[in-house]
Amino acid sequence: MKSFLLAVTLLGLAAAGPAEDIWLKANSFRPRGYVPRAPSSGFVVGGLDADIADYPHQLSLRLDNNHMCGASVISSNWALSAAHCTFAFPDVHGGTLLSLKGGSSNRFEGGIVFTVDRVVDHPGWELETLRFDITCIHTVENMIQSIIQPIALDPIGATHAHGSRAVLSGWGRNDVTNNVLPTILQRLDKPIFGQAECIAHWSNFLTITDDMICAGGEFGRSACNSDSGGPLVTGGRQIGVVSFGEVECAGVGPAGYARIAYPPIRNWITEVTGV
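Each chain has its residues counted from 1, running along the sequence as written. Totals for whole chains, interfaces and linings use all residues, but because this is a predicted model, local features are given only for residues with pLDDT of at least 70 and pairs of side-chain atoms are given and counted only at 80 or more. Only hydrogens and water are removed before side-chain values are computed, so all heavy atoms of the structure are retained for them.

Student: It is not clear to me how the pairing of strand E11 (residues 165-170) should be interpreted in this structure. Could you clarify?
Tutor: Working note: regular strand, side chains alternate between the two faces of the sheet. Should DSSP find at least two bridges between two strands, the strands are taken to pair. Counting from the N terminus, the helices are DSSP H or I runs at least four residues long and the strands are E runs at least two residues long. Of the strand pairs in this sheet, E11 and strand E12 (residues 186-193) are connected by six bridges, and their pairing is antiparallel. Directly across from arginine 165, in E12, lies its bridge partner proline 191. Across two bridges, the pairing between E11 and strand E14 (residues 231-234) is antiparallel. The residue bridging valine 167 from the neighbouring strand is valine 233, located in E14.

What follows is the structure, encoded as structure tokens:
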């Protein structure tokens, strides 16, 4: 079994600097032995500015009110994100350091901040394999507002054809030459990869399993650091949660997402949230 590691060890959390900058450096998984390709100078991961009115389900998962991951509203008090965004902070599970912000395209200004009082990582979550990389997050306040609305979830067992398109949104790094996050929400449409094609691409580094779905493979168009936990959407339904990808974010190969329609994931979401 291939092993995964954090690009920068979480021991770096003791270093000085904003929480979001620290997490940006740590919030990137790669296989041991994986050799990143050098990014092109001035390379921009090809998203476009997005209006939150078109993505009312989009949330920012925040640590000490600094953006660290994406998330999505699925009901009045529940959101989805990635387990690798929350597992490293067990001391803040159910505490006041974690919050969710919605209702604004700008990650600094506007919107509404909600207090997190419960985090439930999938019981099958594994750091070494990145299996079941999904978490349910509960808020004290009702998140549903005129500018914040839940996203429908893919039904159990749903499949999506290789080459069909899906949309990713988030505040992840959009320039691989630096560690700066965009101020404005970004959106990107990308092709879904068939399972066989995804398995072939990652075969030397990671075992692709049925709880994962892949999308991408277009050069210069990719999810990147701090997009983690964000939604992958097609046909008005969320089909995935951003999980892993190439460290250099070049978009050459497909990125991986937790597959919402996989029965052990979809049933678990219902058990935890009622959705």
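Let us keep going from here.
Student: I'm lost on the state of the cysteines in this one. Help?
Tutor: Cysteine pairs can be linked by a disulfide, which is a covalent bond between their two sulfur atoms. Put simply, a disulfide is two cysteine sulfurs that come within 2.5 Å. Counted according to the given criterion, the structure contains two disulfides. The disulfide partner of cysteine 69 is cysteine 85, and the gap between their sulfur atoms is 2.1 Å. The disulfide joining cysteine 69 to cysteine 85 has a torsion of about -90 degrees about its S-S bond and is therefore left-handed. A residue pair is termed long-range when its members are at least 10 positions apart, and cysteine 69 in strand E5 (residues 66-73) and cysteine 85 in helix H2 (residues 83-86) qualify at 16 residues. Per-residue accessibility, obtained with a 1.4 Å probe over protein chains only, is compared with the maximum for each type, and a residue is labelled buried under 20%, exposed over 50%, and partly exposed between these values. Overall, the relative accessible area of 0% leaves cysteine 85 in the buried class. The disulfide partner of cysteine 198 is cysteine 214, and the S-S distance across this bridge is 1.9 Å. Residues cysteine 198 and cysteine 214 are joined by a disulfide whose S-S torsion is about -45 degrees; by sign, that bridge is left-handed. Here cysteine 198, found in helix H3 (residues 195-202), pairs with cysteine 214, found in strand E13 (residues 212-216); they are 16 residues apart in sequence, far enough to count as distant. According to the relative accessible area criterion, cysteine 214 is buried, its value standing at 1%.

Student: Hey, could you run me through the pairing of strand E16 (residues 254-259) in this one?
Tutor: With six of six residues buried, E16 lies mostly within the body of the structure. Inspection of the sheet shows E13 paired to E16 by five bridges, in the antiparallel sense. Looking at the pairing, methionine 212 lines up with alanine 258 of E16. The sheet contact formed by strand E15 (residues 237-244) and E16 spans four bridges and is antiparallel. Within E16, the position partnered with glycine 240 by the bridge is arginine 259.

Student: Before we go on, may I ask you to explain the nonpolar core in this structure?
Tutor: Buried together is how nonpolar side chains tend to be arranged in soluble globular proteins. The biggest cluster of nonpolar side chains holds 36 residues, and the ones touching the most others in it are Leu61, Leu80, Leu100, Ile134 and Ile269. Looking at this core, the elements with two or more residues in it are strand E4 (58-63), E5, strand E6 (78-81), strand E7 (98-102), strand E8 (112-121), strand E9 (135-139) and helix H4 (263-273). Setting aside residues no more than four positions away along its own chain, leucine 100 makes contact with Leu59, Ser60, Leu61, Ala71, Ala79, Ile112, Val113, Phe114, Val116, Ile137, Thr139 and Met143. Residues belong to one nonpolar core when they are buried, are Ala, Val, Leu, Ile, Met, Phe, Trp, Tyr or Cys, and are joined through side-chain atoms within 4.5 Å. When checking whether two residues touch, look at their non-hydrogen atoms; a contact exists if any pair is within 4.5 Å.

Student: What exactly am I supposed to notice about the sheet that holds E8 here?
Tutor: Working definition: the strands of a sheet are paired by backbone hydrogen bonds and lie parallel or antiparallel to each other. On the basis of which strands lie adjacent, the closed barrel formed by six strands has the order E4-E5-E6-E9-E8-E7 and antiparallel pairing. Between one strand axis and the next, the sheet turns by 45 degrees as a mean value, whatever way the strands run. When E4 meets E5, the two strands line up antiparallel, connected through six bridges. Bridged to leucine 61 within E5 is cysteine 69. Axis definition: a line fitted to C-alpha atoms, over the contacting stretch in the case of helices. Angles run 0 to 180 degrees between N-to-C directions. Against the sheet, H4 contacts E6, E8 and E9, and its axis sits at roughly 20 degrees relative to E9.

Student: What's the story with the packing of aromatic side chains in this structure? I'm lost.
Tutor: A ring pair, where both rings are aromatic, is described by two values, the distance of the centres and the angle of the planes. Here a pair means two rings of Phe, Tyr or Trp (six-membered ring of Trp) with centres within 6.5 Å. Their orientation is stacked below 30 degrees between planes, edge-to-face above 60, and tilted elsewhere. Tallied over the entire structure, the rule returns three aromatic pairs. Seen from their ring centres, phenylalanine 132 and tyrosine 262 are 6.1 Å apart, and the 40 degrees between their planes marks the pair as tilted. Taken together, the residues span a long stretch of sequence, with phenylalanine 132 in the loop between E8 and E9 and tyrosine 262 in the loop between E16 and H4 at a distance of 130 residues. The burial state of phenylalanine 132 is the same as that of tyrosine 262; both residues are buried. A centroid spacing of 5.3 Å and a plane angle of 80 degrees characterise the contact between tryptophan 202 and phenylalanine 244, whose relative ring orientation is edge-to-face.

Student: Would you mind going over the pattern of salt bridges with me for this structure?
Tutor: Where charged atoms from two side chains of opposite charge come close, those side chains can pair. Counted as salt bridges are all cases of a side-chain nitrogen of Lys or Arg within 4 Å of a carboxyl oxygen of Asp or Glu. A complete count under the given rule lists two salt bridges for this structure. A salt bridge links arginine 131 to aspartate 211; its shortest N-O distance comes to 2.9 Å. Here aspartate 211 lies in the loop between H3 and E13 and arginine 131 lies in the loop between E8 and E9, a separation of 80 residues in the sequence. Between arginine 165 and aspartate 189 there is a salt bridge whose closest N-O contact spans 2.6 Å. Taken together, the residues span a long stretch of sequence, with arginine 165 in strand E11 and aspartate 189 in strand E12 at a distance of 24 residues. Using a relative accessible area of 33% as the deciding quantity, one classes aspartate 189 as partly exposed.

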